[in-house]
Amino acid sequence: MVTTSTARAAGSDLDTFPKYLLLNAARFGDKPAMRHKDFGIWQSWTWAQQLDEIRKFALGLKALGLKSGDNIAIIGANRPRLYWTFTAAQSLGAVPVPVYGDAVADEMAYVLDHAAVRFAVVQDQEQVDKILGTMARIPSLGAIIYDEPRGLTNYRHELLHSFESVQARGEAQLAADSGSGKAWEDGIREASGDDTSVMLYTSGTTGRSKGVMISARGAVNAARDTATFDRLTEADSVLAYLPLAWVGDHYLNYAQGYVSGFCMNCPESSETVAQDLREIAPTFYFAPPRVFESLLTSVTIRMEDAGRLKRWIYKRWIGVAGRHGEAILEGRPVPLLARLDYALGKFLIYQPLRDVLGLSNIRVAYTAGEAIGQDLFSFFRSLGINLKQLYGQTEAFLYVTCQNDSAVRADTVGPAAPNVDIRITDAGEVQFRSPGQFSGYFKQDETTAETVTEDGFVKTGDAGFFDASGQLKIIDRAKDVGKLKSGALFAPKYIENTLKFFPNIKEAVAYGDGHDFVGVFLNIDLQAVGNWAERNNIAYASYQELAGHRQVYEIIAGHVDETNRRLSREPVMAGAQIRRFLILHKELDADDSELTRTQKVRRTFVAERYRPLVEALYDGSAEKFVDTEVTYEDGRKGRISATVKIAEARTYEPASGGQQGLAA
Amino acid sequence: MSSRLAEPIAVAEQGAGEMLMEVRNVSLSFGGVKAITDISFDIRKGEIRAIIGPNGAGKTSMLNVINGFYTPQKGEIVFRGNTRRAMKPHHAVRQGIARTFQNVALFKGMSTLDNIMAGRSVLMKRNLFWQMVWHGPALAEEIEHREKVEEIIDFLEIQHIRRTPVGKLPYGLQKRVELGRALAMEPSLLLLDEPMAGMNLEEKEDMSRYIIDVNRQRGTTIALIEHDMGVVMDLSDRVVVLDYGKKIADGVPDAVKSNQAVIDAYLGVAH
């Protein structure tokens, strides 16, 4: 698929993001490029002002000694100055390396050292402390630049600079030598699209994180393709709230923002995202399924507390939306009366609800990262929100597939994205070749060679297939798909996702490969179950106590039962139903390495850590004592122990209308 | 932007040691009950001064005397060079003394923002007429005060509860809002009555952090009453110890810790 290569030739001189910065400052000079809520007010910068800020900072960095080819770490939350650092670094030929701000000092030091960063631009004291504490492990580091001075007034370290002081250096340079600004712009124009644009460290689902290098031309081309696909323009806006170091944030907000010229809005703090979302009401939005899940959970909980009339209105018109909403969204024929009913519902419920959730202006919304429940997906679409799915990877610079507005489904991830080639190997693995495809892992040529095939396709490690309509369906990680002793196919993620659809279940981990049957660990959702406990006068002091409560087990047993019923309806999955389950005594946590920083369960690690519990699932015991070490956010360790109950679940005869339950 | 935070803040004059307040021979009694007997001590500019003592030692009474809620029968108080005995709390506020309470005393139905704005009311200069029409000078003044309040909200990291009625907030956050309201008065002396009472360890650590920041970054002199000895010894520059309304020790934390009279007062003595 190289058909658009000619179309691209016209814009081929635009092959880096700094080039787009100059272009946007010229074509959208007085349009907002960036907003940030600070001191309760949305401060904004136009593209022209953004160019000024970046110019000053870039020249300051240069004066401090940043050179072409250097790596520069960017650590912190979504803030304008950190986004400007990306472009400032790129304009000098340096490579920005965003790092997860909530990484513990050890993980962070590993990445900074592996990437051999010369400079680090960080948000605040927290990050400065982490870096200063591990300085000895990062010999390449020559300067730390911080955005927020709070708490740093008494720090006297020779490598420490404030963001302002670096910009002041740049300004002094501009004042002293009027040609330096022009020289900087000339440097941008002469830069090559073959240079590395950004290096993104993977979240480390499997082992240590790897530095994924993305070339400038590839990044720009990919972003331009998808921006055209979704018709993004300078009139759009986004709330930049995703982790800065994640490919999704860098692609959806930064890359697409530069090529289409739309405005990025940075929230006031991570705790105010919901309020900021409502104030900004973005037109383009991305959130992982768990965010939609928690939105729906909070709506459901608040409706339960509402008055009877409101509850009735909600139930009545959410029902109408469920029947006709998606058809109306997709422009399919709908009877006139139903349309009128829907219009009334829009006035009474859908629009006010969308407004409260901050989704009132959404034109395109995406979700990805995990499978999303059909009911959850339909709920949002039936409100008139154009929620679609995409499938992507850091190695692809995000998009591999994405759904077209007219063909959206919950159980698939869409056909190949523009200019992407996909093939399925005999072993069922999905492989792709894309414009934004990575140029290699930093300093890991061997791993690169293992990941990329000889003919240039990237192995995703995911198992999947194309269905009849030509959309890709992902079942699981290729290596995670296993078999029970009976030979039945065991796809853990599929089972986990079915379980996680229930608002009361926050996390699920399924085991079964090489065993007689499937057993699962569950985490309850403290918000949902806690609310239920409150309404039923059940007192509890901690997660642990609530999780072990007899009635909570009864509720969860009902959910497991329903999950088995659903599994039994699918011929491929019916063989692997849940026989035994337990509710873990603690919430799985990224600080204990049980989840990745992007909140995905590390199944093998969890199995290793709770080995006695896995054994108890299969040896028939009714309860088991465990003692676990936990790490607090500040690095201190503690222990937590409990006797965990293991419960039995009902299983069902496979499909063909077999509603008859059979006790296990 | 964040840099704006740095400007209005005067760095505490460390070790300047200039006298801010002096309590001279103060005695207070309710009928026949002697709450405070002939107590003298001083508070220096820029320090964190702790007042400690067993239950009923007269700590809160002492604070109430300092901010004018009680009038002592004997003795006098010198604050910023002015000597006085009787004073109303609102005079104390105008002179630059703000306080928080042992039991949270916020306007429960109002938002965090409005509660802190209420702390600014004493500094608002427009008359009732302008306040009512809420236009022209009054509006300009409101905006000016709102800016200061936003700085405090940023300082205490409570942006996410700006619009939340304080009655719905957890206790630790309510305490923080109360601190914010006291800070809004831009006091030169801040009285904290058991700022950590009823808090868990994490909340205590947070609150300690904020108290230190208020002192170091905003340059506010602080007098506090607290029962948690670990907190007191870590936070304060000097400690005065009361027992049965009398002063039994006064000095730096280490000296006070090893003072026999203090140990006896807390642990009791064999008679």
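The residue numbers shown here count from 1 along each chain, following its written sequence. Here every chain gets a letter starting at A, and every ligand a number starting at 1, in the order they are written. Totals for whole chains, interfaces and linings use all residues, but because this is a predicted model, local features are given only for residues with pLDDT of at least 70 and pairs of side-chain atoms are given and counted only at 80 or more.

Quick notes on the packing of helix H3 (residues 47–64) of chain A against helix H8 (residues 179–190) of chain A
Two quantities define a packed helix pair, namely the angle between the axes and the distance from one axis to the other. Residues and elements named next belong to chain A. It is the contact of H3 with H8, at a shortest axis distance of 11 Å, that shows an interaxial angle of 95 degrees. It follows that H3 is roughly perpendicular to H8 by the angle criterion. Together, Arg55, Ala58 and Leu59 of H3 and Ser180, Gly181 and Trp184 of H8 make up the contact between the two elements. Note on residue classes: Ala, Val, Leu, Ile, Met, Phe, Trp, Tyr, Cys and Pro are nonpolar, Asp, Glu, Lys and Arg are charged, and everything else, Gly too, is polar. Broken down by class, the residue content of the contact of H3 with H8 amounts to three nonpolar, two polar and one charged. Structural elements are reduced to axes, namely lines fitted to C-alpha atoms, with helices fitted over the stretch in contact, and the angle between N-to-C directions of any two is expressed from 0 to 180 degrees. Helix and strand assignments come from DSSP, with helices taken as H or I runs of at least 4 residues and strands as E runs of at least 2, each series counted from the N terminus. An angle below 35 degrees is treated as roughly parallel, one above 145 as roughly antiparallel, one from 65 to 115 as roughly perpendicular, and anything else as oblique. Contact definition: two residues whose C-beta atoms, as placed from backbone geometry, lie within 7 Å.

What to know about the sheet that holds strand E14 (residues 387–393) of chain A
The pairing of strands in a sheet comes from backbone hydrogen bonds and takes either a parallel or an antiparallel form. All names here are of chain A. The pairing criterion for strands is at least two bridges between them, as found by DSSP. Across the sheet, which stays open at both edges, the four strands sit in the order E12-E13-E14-E15 with mixed pairing between neighbours. This sheet does not close on itself; its edge strands, each paired only once, are strand E12 (284–286) and strand E15 (398–402). The sheet shows a mean angle of 35 degrees between the axes of neighbouring strands, direction not considered. Of the pairings in the sheet, the one linking strand E13 (residues 364–367) to E14 comprises three bridges and is parallel in character. Along E14, the bridge assignment pairs Ala365 with Leu387.

So, the domain arrangement of chain A
How big an interface is tends to be expressed through the accessible area that disappears when the partners come together. Residue and element names in this part refer to chain A. Per the domain assignment, the segments of chain A are domain 1 (5–273), domain 2 (289–360 + 362–477) and domain 3 (482–662). Those domain boundaries reflect an automatic or database domain assignment. Computed from C-alpha coordinates alone, the two centres of domain 1 and domain 2 are separated by 29 Å. On the domain 2 side, the residues contacting the 23 residues of domain 1 number 22 residues. Counting only elements with at least two residues in the side of domain 1 that touches domain 2, the list comes to strand E8 (196–201), strand E9 (211–215), helix H9 (216–229) and helix H10 (247–260). Classifying every residue of the side of domain 1 that touches domain 2 gives eleven nonpolar, nine polar and three charged.

Let's talk about helix H6 (residues 125–133) of chain A
Residues and elements named next belong to chain A. Of the residues making up H6, those classed as buried are Gln127, Val128, Lys130 and Ile131. One side of H6 carries all its buried residues, which in axial view fall inside an arc of 165 degrees. Contacts made by the buried residues of H6 are with strand E3 (71–75), helix H5 (105–114), strand E5 (119–122), strand E6 (143–146) and strand E7 (160–162). Put simply, a residue is buried when 20 or more other C-beta atoms lie within 10 Å of its own C-beta and exposed when 12 or fewer do; between those, it is partly exposed, and each C-beta is set from the backbone. Taken from the helix axis, the directions to the C-beta atoms give the arc we talk about.

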